[in-house]
Amino acid sequence: MSETTLSELRFECLGARAEAHAVSPTLLLRLRITEPSPDGVHTIALRCQIRVEPRLRRYTEAESVLLTDVFGAPARWDETQQAMQFASVSLMVPGFTGSTEVDLPVPCGYDMEVAAGHYFAALDDGEIPLLLLFSGTVFARAAAGFTVRPVPWDREARCRLPVAVWQELMNLYFPGSGWLRLRRDTLRALHRFKSSHALATWDEAVERLLQESPR
């Protein structure tokens, strides 16, 4: 495989869907990989860094309120809306000639303390702009065996992840709920409050506290 051919290695993101049968929440990004060498590719040990590009979409007033914890006041968003790390994943791409399509599994969480998780949870509709940055190693067929070359450093692709797909994924694994981590002493105090008021669930305890606190 020549340097010229390898420089023509291309990646496209064709779409995204929720994986319904994984052990944990997993987003599947459909990739098309093109490499025009007539000898084909034996395999690619692919790595992908995924970032959120928040500047590339607009936000409703309700979304903006929830995103102040991430970016601060909207008046400062030109300065604070920087790209956010979402995930780093790896994939072994089977051999192909010309082009192939594969699913890139992306493990996801619902941790509100992680900036990307907080950001996703604040969105009601539209799309989430993602940037996929690729690296790794290409193993290619050659007359004398195989050649081994790195994926060119500038390979990337963009993906517009529908918010509805993210919501579908969270509903599959956390139906009607989410996760919030608390310090142990805070959790213990909440437990005492729940018990002293004979409340059946943690939701009821938090709802009672919200009702009793001034707006």
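Procedures and definitions
Residues numbered from 1 in each chain as written. Predicted model: local features only at pLDDT ≥ 70, side-chain atom pairs only at ≥ 80, totals over all residues. Heavy atoms only, no water. Pairing = 2+ DSSP bridges. Helix = DSSP H or I, 4+ residues; strand = E, 2+ residues; numbered from the N terminus. Core = buried A, V, L, I, M, F, W, Y, C linked by side-chain atoms within 4.5 Å. Buried < 20%, exposed > 50% of the residue type's maximum accessible area, 1.4 Å probe, protein only. Contact = heavy atoms within 4.5 Å. Axes fitted to C-alpha atoms, helices over the stretch in contact; angles between N-to-C directions. Expected span 1.5 Å × (residues − 1). Arc of directions from axis to C-beta. pLDDT = per-residue confidence, 0-100. Phe/Tyr/Trp six-rings, centres within 6.5 Å; stacked < 30°, edge-to-face > 60°. Lys NZ or Arg CZ within 6 Å of the ring centre and 35° of its normal.

### Re the pairing of strand β3 (residues 41–52)
Note that β3 and strand β6 (residues 127–142) share eleven bridges and pair antiparallel. Bridging from a neighbouring strand, Cys48 pairs with Phe134 of β6. Bridging between β3 and strand β4 (residues 84–93) involves nine bridges; their strand directions are antiparallel. Bridged to Arg51 within β4 is Gln85.

### Some remarks on the nonpolar core
A general feature of soluble globular proteins is that nonpolar side chains tend to end up buried together. Ile44, Ile50, Phe86, Val106, Tyr119, Leu130 and Leu132 are the most contacted members of the largest nonpolar core, which has 50 residues in total. What Tyr119 contacts, discounting residues up to four positions off in sequence, is Val52, Pro54, Arg57, Tyr59, Leu67, Val70, Phe71, Met84, Ile128 and Pro129.

### A closer look at the sheet that holds strand β1 (residues 10–19)
Spatially, the three strands line up as an open sheet ordered β1-β2-β5, and their pairing is antiparallel. Each edge of the open sheet is held by one strand with a lone partner, namely β1 and β5 (98–107). Sheet twist, expressed as the mean angle between neighbouring strand axes with direction ignored, is 20 degrees. Sheet topology places β1 next to strand β2 (residues 26–35); nine bridges connect them, and they run antiparallel. Note that in β2 the partner of Glu12 across the bridge is Arg32. Packing of helix α6 (residues 163–173) onto the sheet brings it into contact with β1 and β2, and relative to β1 it is tilted by some 40 degrees.

### Observations concerning helix α7 (residues 184–196)
For an α-helix, the turn length of 3.6 residues means that residues three or four places apart are oriented alike. Look at α7: 18 Å from first C-alpha to last across 13 residues, which is about the 18 Å you get at 1.5 Å a residue. For α7, the complete set of buried residues consists of Leu190, Phe193 and Lys194. All buried residues of α7 project into a common sector of 100 degrees when viewed along the axis, lining one side. Exposed side of α7, more than 90 degrees from the buried face: Arg184, Arg188, Arg192 and Ser196 are the residues found there. Close packing links the buried residues of α7 with α8 (202–212). Downstream of α7 by a residue or two, Ala198 has a phi angle that is positive, lying close to 55 degrees.

### Description of the confidence of the model for the protein chain
Of the residues in the protein chain, 93% have a pLDDT of 70 or more, and the chain-wide mean is 89. Per-residue pLDDT, averaged within each element of the protein chain, yields its smallest value for helix α1 (residues 3–6) (52) and its largest for strand β8 (residues 156–162) (97).

### Considerations on the packing of aromatic side chains
Tallying each qualifying case throughout the model produces nine aromatic pairs. An angle of 75 degrees between the planes, with centres 6.1 Å apart, marks the rings of Phe71 and Tyr119 as edge-to-face. You can see Phe71 sitting in helix α3 (residues 68–71) and its partner Tyr119 sitting in helix α5 (residues 115–122), a full 48 residues away along the chain. There is no split in this pair, since Phe71 and Tyr119 are both buried. One aromatic cluster is present, built from ring pairs that chain together Tyr59, Phe71, Trp77, Phe86, Tyr119, Phe120 and Trp166. Note that Lys194 overlies the ring of Trp202, its terminal NZ or CZ placed 5.1 Å from the centroid.

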